[in-house]
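Chain and residue survey
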Amino acid sequence: MTLTGQKPSTLILWAVLALPVLPMIGPLLGDDPEAFHHLLRPTGEWAARFMIIGMMASGLMLLFKGKSWPRWLLHHRRDIEVAAFAYAALHTLVYVIDRGSLDRIIDALKHTEIWTGWLAFLIFVPLALTSNDAAQRRMHGGWKLLQRAAYPAAVLVLIHWAALHNWGSWQPAAVHFAPLVALWAYRAWYWYLRERPGRPA
């Protein structure tokens, strides 16, 4: 343990999760509106990447039974998902400042790539606020039920990303989400579709 109460491996993970924000510091603190606008892409992409990695943990545990690295990933899933929310919050903040006014923000809500992003973020807010041991103890079984909302939120993130630029971003979105979708399909097959001893074919 360290002075912060965290293991060195956890501190190293936090440092790694913070690395993508380093090149963003200049545009965030600078006065170049164009550079600030360009932060929309990296903040959103890193939020999605960390969300995907965190959500892959359970599927990887099932796929690679007995391996230690999926267990490590599952153990640190909360850290990764909190980092995903932090980047999503930064993405939202950049978007709001970049739009410049409430009227422009509301006017954009009619677009698929906008309302899906807002809805996904609103779903992730309670998930992030309850991503701690105290909330898990207080909510008991309700905590797991709430956390399952991450699945429809992830679908909304996929649509949000794919629909950008008149659906011109569907390819990078598909590439990023493909491993997660494949693991979801594998879990569905493993638990519900595969033949098991004593189960009718």
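Remember, it's a predicted structure, so these values are computed and weren't measured experimentally.

Considering the pattern of salt bridges
Counting across every chain of the model gives four salt bridges. Across the salt bridge formed by Arg41 and Glu45, the nearest N and O atoms sit 3.0 Å from each other. Linking Arg41 with Glu45, this pair stays in helix α4 (residues 40-55), spanning four residues, or about one helical turn. Where Asp133 meets Arg78, a salt bridge forms, and the shortest distance between an N and an O atom there is 2.9 Å.

A look at the packing of aromatic side chains
Scanning the model with the defined rule gives ten aromatic pairs in all. Measuring from centroid to centroid gives 6.3 Å for Tyr95 and Trp118, while their planes differ by 75°, and the two rings are edge-to-face. Here Tyr95, found in helix α7 (residues 77-99), pairs with Trp118, found in helix α9 (residues 112-129); they are 23 residues apart in sequence, far enough to count as distant. By relative accessible area, which is 13% here, Tyr95 ends up buried. Judged by relative accessible area, which is 22%, Trp118 ranks as partly exposed. For the pair Tyr186 and Trp189, a centre-to-centre distance of 5.8 Å together with 35° between the ring planes defines the contact as tilted. Of this pair, Tyr186 and Trp189 both sit in helix α14 (residues 170-193), separated by three residues, roughly a single helical turn. For Tyr186, a relative accessible area of 23% puts it in the partly exposed group. Of note, Arg49 hangs over the ring of Trp46, and the distance from its end group to the ring centre comes to 4.7 Å.

Brief notes about the side chain of His76
Relative to the helices and strands, His76 resides in the loop between α6 (68-75) and α7. For His76, a relative accessible area of 3% translates into the label buried. Every residue in contact with His76, bar those within four places of it in the chain, is listed here: Ser9, Thr10 and Leu13.

Section: α4
Since the α-helix turns once every 3.6 residues, residues separated by three or four places project in the same direction. In a regular helix each residue adds 1.5 Å, so 16 residues correspond to 22 Å; α4 covers 23 Å between its end C-alpha atoms and thus fits that length. Taken as a whole, α4 has its buried residues at Leu40, Thr43, Glu45, Ala47, Ala48, Phe50, Met51, Ile52, Gly54 and Met55.

Considerations on the nonpolar core
Within the largest apolar cluster, 41 residues are counted, with the highest numbers of intra-cluster contacts made by Phe50, Met51, Phe124, Val157 and Phe177. Elements that contribute at least two residues to this core include exactly α1 (8-18), α4, α5 (57-63), α7, α9, α12 (150-162) and α14. Sort the elements by how many residues they give to this core and α7 lands first, with eight residues. If we skip the residues at most four places from it in the chain, Phe50 touches Leu17, Pro20, Ile80, Ala83, Ala84 and Tyr87.

About the criteria used
- Residues numbered from 1 in each chain as written.
- Predicted model: local features only at pLDDT ≥ 70, side-chain atom pairs only at ≥ 80, totals over all residues.
- Heavy atoms only, no water.
- Salt bridge = Lys/Arg side-chain N within 4 Å of Asp/Glu carboxyl O.
- Helix = DSSP H or I, 4+ residues; strand = E, 2+ residues; numbered from the N terminus.
- Phe/Tyr/Trp six-rings, centres within 6.5 Å; stacked < 30°, edge-to-face > 60°.
- Buried < 20%, exposed > 50% of the residue type's maximum accessible area, 1.4 Å probe, protein only.
- Lys NZ or Arg CZ within 6 Å of the ring centre and 35° of its normal.
- Contact = heavy atoms within 4.5 Å.
- Expected span 1.5 Å × (residues − 1).
- Core = buried A, V, L, I, M, F, W, Y, C linked by side-chain atoms within 4.5 Å.

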